[in-house]
Amino acid sequence: LDMYKESGDEEIKPTLYTYNTAIDACARSGGSPEQSAKALKIAFAVNKAIIAGKLEPNHVTYSTLLKAANKLLPAGDQRNQICKAVFAKCVDKGYVDTNVMKALEQAADRDVYYDLVGEVADRNGHVHFEEIPRDWSKNVN
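Rules and cut-offs
- Residues numbered from 1 in each chain as written.
- Predicted model: local features only at pLDDT ≥ 70, side-chain atom pairs only at ≥ 80, totals over all residues.
- Heavy atoms only, no water.
- Axes fitted to C-alpha atoms, helices over the stretch in contact; angles between N-to-C directions.
- Helix = DSSP H or I, 4+ residues; strand = E, 2+ residues; numbered from the N terminus.
- Parallel < 35°, antiparallel > 145°, perpendicular 65-115°, else oblique.
- Left-handed = near helix turned anticlockwise from the far one by under 90°.
- Contact = heavy atoms within 4.5 Å.
- Nonpolar A, V, L, I, M, F, W, Y, C, P; charged D, E, K, R; others polar.
- Salt bridge = Lys/Arg side-chain N within 4 Å of Asp/Glu carboxyl O.
- Buried < 20%, exposed > 50% of the residue type's maximum accessible area, 1.4 Å probe, protein only.

A. Spatial organisation of the packing of helix 5 (residues 77–93) against helix 7 (residues 110–117). One way to put it is that helix 5 packs onto helix 7 with a least axis distance of 11 Å and a crossing angle of 15 degrees. Here helix 7 runs roughly parallel to helix 5, going by the angle between their axes. Crossing handedness for the pair helix 5 and helix 7: right-handed. Only V112, L116 and V117 of helix 7 make contact with helix 5, whose side of the interface consists of N80, C83, K84 and F87. Of the residues that constitute the contact of helix 5 with helix 7, the class distribution is 5 nonpolar, 1 polar and 1 charged.

This is the structure we're talking about:
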């Protein structure tokens, strides 16, 4: 990214795929709580760079941010707040797909998950793609 900023060379401009891969690398990192916190900050900084780069986060971006929260934060209020914010943005942008729903189910506490997905989930917590409201997934290809 720095090299692109310095040169302005469009040939090396990061793509959404590049950014999503960087977020995924953060989600897959391990280490101490301090290292995990740093990785999570980097993941969300990359998300901001997507927007600054005039790109739009997609279903891969949102599911990977949820995966990062799940992997890098212990269960609890902070992780739930991140899940709520990421999912709300994803719903608003119309990028909810089955991977987003699975990542949300894994990351959020059970009651938070049910509060967010409402009647879309069956009694076992499973969501079938055809049950996702069209507004939630209008931009998923």
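B. Local environment of the pattern of salt bridges. For the structure shown, the criterion picks out 3 salt bridges. A salt bridge links D24 to K67; the shortest N-O distance between them is 2.6 Å. Of this pair, D24 sits in helix 2 (residues 16–28) while K67 sits in helix 4 (residues 59–72), and the two are 43 residues apart along the sequence. Using a relative accessible area of 30% as the deciding quantity, one classes K67 as partly exposed. The salt bridge involving E105 is made with R110; its shortest N-O contact spans 3.6 Å. E105 gets classed as partly exposed once you look at its relative accessible area, which sits at 23%. Overall, the relative accessible area of 43% leaves R110 in the partly exposed class.

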